[in-house]
Amino acid sequence: MATTSLKPIPAASFDENKARHLLSRAGFGGPPRQVAFLAGLGLKKAVDFLVDYESIDISALPKPQYDSEIVRPLRGDVMKMLGDGKSGDAKAIREKLRMEFLQRQAEDRLQMAGIEQWWLTRMIATPRPLEEKLVLLWHGHFASNNRTVDDSFLMLQQNVLFRKHANGNFGELVMGVIRDPAILKFLNNNSNRKGHPNENLARELMELFTLGVGAYGENDIKQGARALTGYGVEDNDFAFHRNAHDEGQKEILGRKGLFDGEDFVRILLGRPQCPLFISYKLYRHFVGDIDEKPTDTQEAVIRAMAKVLSDNRYELKPVLKTLFMSEHFYDPQIVGGMVKSPAQLLVGTARMLNTPARNSGTLAAAMSMMGQQLFEPPSVAGWDGGRGWINTSTLFVRQNMATYLITGKVPGDQNWSQDTVGYDPLFLLADLADRSPGSTVNLLSNLLLGEHAAAGRREELTKYLAARRGGITQGSVLAMLMLVTAMPEYQLC
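Residues numbered from 1 in each chain as written. Predicted model: local features only at pLDDT ≥ 70, side-chain atom pairs only at ≥ 80, totals over all residues. Heavy atoms only, no water.

Describing the overall build of the protein
Secondary structure summary: the protein contains 22 helices and 4 strands in total. The globule rule puts the C-alpha radius of gyration for 493 residues at 23 Å, and the 25 Å found for the protein is close to it. C-alpha extents for the protein along the principal axes are approximately 85 × 55 × 40 Å. Each of the 493 residues in the protein was classed as buried or not, and the buried ones make up 53%. Within the protein, residue pairs in contact and separated by at least 24 positions form 73% of the contacts whose partners lie at least 6 positions apart. (Helix = DSSP H or I, 4+ residues; strand = E, 2+ residues; numbered from the N terminus. Rg over C-alpha atoms; globule rule 2.2 N^0.38 Å. Buried < 20%, exposed > 50% of the residue type's maximum accessible area, 1.4 Å probe, protein only. Contact = heavy atoms within 4.5 Å.)

Written out as structure tokens, the structure reads:
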């Protein structure tokens, strides 16, 4: 049974294996020199480096390309002309608008694909891996998808919101979410008006965003919906429609008052279930898969995390640092025990092996086939994660994706040779004095599989490498990488 202790591990025990685990979970993994760099910093400085990432320069990262006006509302005069139906031009205008709408939809789908590829590329290239890992967490937690929102610029704005508060204060993040145009459209809060409340946002705010199932009643949902009346969207921006807001008294979770949306959020943040629920989400993202409900050990750790989160008024950095330095985080039963999400698998492979830039459209399509299309969570509950990532279909895609990153070749490519791969992985061995098959296998196994690679596996790989003609070459190391990334153990981190 794993320890439940959140006490820091002894500083002297923080070696390259632990640094590799830290980089894998608090980021996506990295090549040997990055692991060695973190190990050289020592435990506290390494964790600070990853969590306090604001000072790391990201000016060289690619910027998203977008047009904020592709999706736009009809002008008032045109709406009036269409609405009264008296104008002889109404039919012609209606047809023209229909064609224009279809054209704009097509343009917006292309823009969404470009933004999706931009984010994937940013995850691979960023010197702030925890920032993107947190944005991914909040994307799945406050889930909305472009299939419903139907406006790529609003989805990009939401991504910016998640990045702004990624490692900041969870309370401020929730305050931003109830004013986020994408969420408001996704959960139909534009139709939430005084006298005709729409309960979607209020329900999900309690059930999926802050408290969890069973921590509220149906009347709390109705009253919460009243507090959120008038919170809507105009064009690309949040708009508070005062005339649509219910200014009457509400009673939510035992509190009475003339509450608005912000008051509603403050009530939820004050409930003891909120830090527990958010700690549960942090645990699932950074520490371990949870099937149906936490084990006793997981429950104890989550409760301890919740206390840190609560004591620090929802500031996320203290609980993240406590977790990343803790005995529980580095327990042998935790290391190598999580199923990699498609993002973790793809971005991690690219970062650990420093593979060449491959076609971002092909990579995004592979992510989708593996079950995780960015900006398209399947529902407001986000992705299930854990063992749900792997089935007989996705496993093939996972292996083919790794091969594509390493070789640039997709299934079905014929007559290719290592000369056309465009990737020489020998740099991974740059600091390896002894380039024997055994030492090479140990280095690559540690890099890609971690400490949990079985001794039998290493022996088989060593025999394979020793049997290759020419010794340790670009070709033999390429072959090794494809073998290792096809192993079941590579699906874990």
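So much for the structure itself; the text now carries on.
Focus on empty space enclosed by the protein
Under the criterion given, the structure shown has 1 cavity of 30 Å³ or more. Approximately 210 Å³ is the volume attributed to the largest cavity. Along its surface, the largest cavity is lined by 21 residues, and Arg20, Ser24, Leu449, Gly450 and Cys493 are the ones closest to its centre. Looking at the lining of the largest cavity, the elements that each hand over two or more residues are helix H1 (16-25), helix H17 (342-353) and helix H20 (437-448). Counting residues per element, the lining of the largest cavity draws most heavily on H1, at 4 residues. Split by residue class, the lining of the largest cavity holds 8 nonpolar, 10 polar and 3 charged. (1 Å grid on protein atoms, 1.4 Å probe; cavity = no way out; pocket = protein on both sides within 12 Å on 5 of 7 lines; lining within 4 Å. Points joined across faces, edges and corners; volume = space filled by probe spheres on them. Nonpolar A, V, L, I, M, F, W, Y, C, P; charged D, E, K, R; others polar.)

Topic: the pairing of strand E2 (residues 237-240)
In this structure, strand E1 (residues 231-234) lies alongside E2, joined through 4 bridges in antiparallel fashion. Looking at E2, one finds that Gly232 is bridged to Ala239. Linking E1 to E2, which pair antiparallel, is a turn of 2 residues; within it Asp235 sits at a positive phi near 55°. (Pairing = 2+ DSSP bridges.)

Side note on the layout of surface pockets
Taken as a whole, the largest pocket encloses approximately 1,000 Å³ of empty space. Lining the largest pocket are 45 residues, with Tyr280, Lys281, Arg284, His285 and Asp384 positioned closest to its centre. If you list the elements that add at least two residues to the lining of the largest pocket, you get helix H6 (129-141), helix H11 (200-210), helix H14 (273-286), helix H15 (296-311) and H17. Here the residues of the lining of the largest pocket are counted per class, giving 20 nonpolar, 12 polar and 13 charged.

A few points about the pattern of salt bridges
Summed over the entire model, instances satisfying the criterion amount to 24 salt bridges. Salt-bridge contacts for Arg163 lead to Glu132; the nearest nitrogen and oxygen are separated by 2.7 Å. With Arg163 in helix H8 (residues 152-164) and Glu132 in helix H6, this residue pair connects regions lying 31 residues apart in the sequence. Take Arg163 and Glu132: they sit in the same class, and that class is buried. In this structure, Arg203 engages Glu218 in a salt bridge whose closest nitrogen and oxygen atoms are separated by 3.4 Å. On the criterion of sequence distance, the pair formed by Arg203 in helix H11 and Glu218 in helix H12 (residues 218-227) is long-range, its members being 15 residues apart. On the basis of relative accessible area, Arg203 is assigned to the partly exposed category, the value being 26%. (Salt bridge = Lys/Arg side-chain N within 4 Å of Asp/Glu carboxyl O.)

Overview of the packing of helix H5 (residues 90-125) against H8
Axis separation between H5 and H8 bottoms out at 9 Å; the angle between their running directions is 25°. Judged by the angle between their axes, H5 and H8 are roughly parallel. Note on element contacts: H8 touches H5 through Ser152, Phe153, Met155, Leu156, Asn159 and Arg163, opposite Asp108, Gln111, Met112, Ile115, Trp118, Trp119 and Arg122. A breakdown of the residues in the contact of H5 with H8 according to their chemical character gives 7 nonpolar, 3 polar and 3 charged. (Axes fitted to C-alpha atoms, helices over the stretch in contact; angles between N-to-C directions. Parallel < 35°, antiparallel > 145°, perpendicular 65-115°, else oblique.)

A look at the packing of aromatic side chains
In this structure the tally under the stated criterion is 16 aromatic pairs. Between Phe37 and Phe49 the ring centres are 5.4 Å apart and the planes differ by 75°, which places this aromatic pair in the edge-to-face class. Remark: Phe49 occurs in helix H3 (residues 43-51) and Phe37 occurs in helix H2 (residues 32-41); sequence separation between them is 12 residues. Assessed through its relative accessible area of 41%, Phe37 is described here as partly exposed. Site record: aromatic cluster; members linked through ring pairs are Trp138, Phe142, Phe162, Phe170, Phe209 and Tyr314. Here the basic side chain of Lys133 rests over the ring of Phe28, its NZ or CZ set 5.5 Å away from the ring centre. Cation over ring: Lys340 sits above Tyr490, and NZ or CZ is 3.5 Å from the ring centre. (Phe/Tyr/Trp six-rings, centres within 6.5 Å; stacked < 30°, edge-to-face > 60°. Lys NZ or Arg CZ within 6 Å of the ring centre and 35° of its normal.)

Re the environment of Met367
Mapped onto the elements of the fold, Met367 is located in helix H18 (residues 360-369). Overall, the relative accessible area of 1% leaves Met367 in the buried class. In this structure the C-alpha to C-alpha distance between Met367 and Val397, which are 30 residues apart in sequence, comes to 8.8 Å. Every residue in contact with Met367, bar those within four places of it in the chain, is listed here: Leu120, Pro342, Ala343, Leu346, Gln372, Gln373 and Leu374.

Points about H20
In this model, H20 (12 residues) spans 16 Å end to end at C-alpha, consistent with the 16 Å of a helix rising 1.5 Å per residue. Considered for burial, the residues of H20 that qualify are Ser439, Thr440, Val441, Leu443, Leu444, Ser445, Leu447 and Leu448. Buried residues in H20 make contact with H1, H2, H17, helix H21 (455-467) and helix H22 (474-485). One or two residues past the end of H20 sits Gly450, with phi positive at roughly 80°. (Expected span 1.5 Å × (residues − 1).)

Considerations on the packing of H20 against H21
When two helices pack together, their arrangement is captured by the angle between the axes and the distance separating the axes. Running from N to C, H20 and H21 point in directions that differ by 130°, and their axes come no closer than 9 Å. The angle between H20 and H21 falls in the class oblique. Every pair of crossing elements has a handedness; the one defined by H20 and H21 is right-handed. Where H20 approaches H21, its residues Pro437, Gly438, Thr440, Val441, Asn442, Ser445 and Asn446 are matched on the opposing element by Arg458, Leu461, Thr462, Leu465 and Ala466. Its residues placed into classes, the contact of H20 with H21 shows 5 nonpolar, 6 polar and 1 charged. (Left-handed = near helix turned anticlockwise from the far one by under 90°.)

Side note on unusual backbone geometry
Look at Tyr314: it is not a glycine, yet its phi comes out positive at around 70°. Tracing the backbone shows Tyr314 in the loop between H15 and helix H16 (316-324).

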